[in-house]
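Survey of secondary and tertiary structure
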Amino acid sequence: MKDISVILEKAVLSMDGYDSKLISYEMEKAFDIWCRLEDDSNLRWYLISKNNGRTVTEYYGYLSEKYPVALLMKNCPKNIYLLLSEKGILVEEYCKRYSCEEKILKKYVGNIKIIDDRFLYDDKMPFNEEIFLSIDEGVRYINPHNFAFDDIK
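Here is what the cut-offs are and how they apply
- Residues numbered from 1 in each chain as written.
- Predicted model: local features only at pLDDT ≥ 70, side-chain atom pairs only at ≥ 80, totals over all residues.
- Heavy atoms only, no water.
- Helix = DSSP H or I, 4+ residues; strand = E, 2+ residues; numbered from the N terminus.
- Buried < 20%, exposed > 50% of the residue type's maximum accessible area, 1.4 Å probe, protein only.
- Contact = heavy atoms within 4.5 Å.
- Lys, Arg positive; Asp, Glu negative; His and termini not counted.
- Charge placed at Lys NZ, Arg CZ, Asp CG, Glu CD.
- Polar contact = N/O pair within 3.5 Å; in protein donor to acceptor, adjacent residues only side chain to side chain.
- Core = buried A, V, L, I, M, F, W, Y, C linked by side-chain atoms within 4.5 Å.
- Arc of directions from axis to C-beta.

1. So, the overall build of the protein chain
Scanning the protein chain from N- to C-terminus turns up 6 helices and 9 strands. Based on the C-alpha atoms only, the size of the protein chain along its principal axes is roughly 55 × 35 × 25 Å. A burial count over the protein chain gives 42% of its 153 residues as buried. Sequence separation of 24 or more characterises 54% of the internal contacts of the protein chain that already satisfy a separation of 6 or more. One way to put it: in the protein chain the 22 positive side-chain charges average out to a point 5 Å from where the 27 negative ones average out.

Encoded structure:
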């Protein structure tokens, strides 16, 4: 698990002048890849990928629509890393699981609730009946101490 609080906060603080559409266009033009806003990300993240003209053939990572930050997979070509770095985009390695401070994470998840549900799995933590009832009602939420990228996109 990787804590991404620092990089996500830096991206929030350096968002002035950031134009994700321009960065997306420049990456597609320079490298013949797709860098497209994902419908299933509520249009908050661009998918960076290799394609065959019709469909994605390899995933390289994600670029935030609002903040200058990208989460890139290990197979992402170095030239994409370099272009993003030259454009002032903060780059972090894509991982399976993350953690992030709540106040920072909230800026990236829109209206999704942030709930620390660790008390459900750790009997040393005090039980919170109010939060339990929310979870039991099926509210969509993210645990800031353990989430996957798919949870925030």
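2. Here's the deal with the environment of Y98
Counting through the fold element by element, Y98 comes out in strand β7 (residues 98-99). Apart from the residues lying within four places of it in its own chain, the contact partners of Y98 are M1, K2, I4, L71, E93, P144, H145, N146, F147, A148 and F149. A polar side-chain atom of Y98 sits 2.7 Å from the main-chain amide nitrogen of C95.

3. Description of the nonpolar core
Considering soluble globular proteins, one finds that nonpolar side chains tend to be buried as a cluster. Ranked by internal contacts, the top residues of the largest apolar core, which has 25 residues, are L8, W45, V69, L105, Y108, F147 and I152. If near-sequence neighbours (up to four positions away) are discounted, V69 is found in contact with I7, L8, A11, W45, Y62, L63, S64, I89, L90 and Y108. By size, the runner-up hydrophobic cluster in this structure holds 16 residues, among which are I23, M27, Y60 and L84.

4. A short note on helix α4 (residues 102-109)
Here α4 has its buried residues at I104, L105, Y108 and V109. Burial along α4 is one-sided: seen end-on, the buried residues are contained in an arc of 130°. Immediately downstream of α4, the backbone of G110 shows phi near 65°, a positive value.

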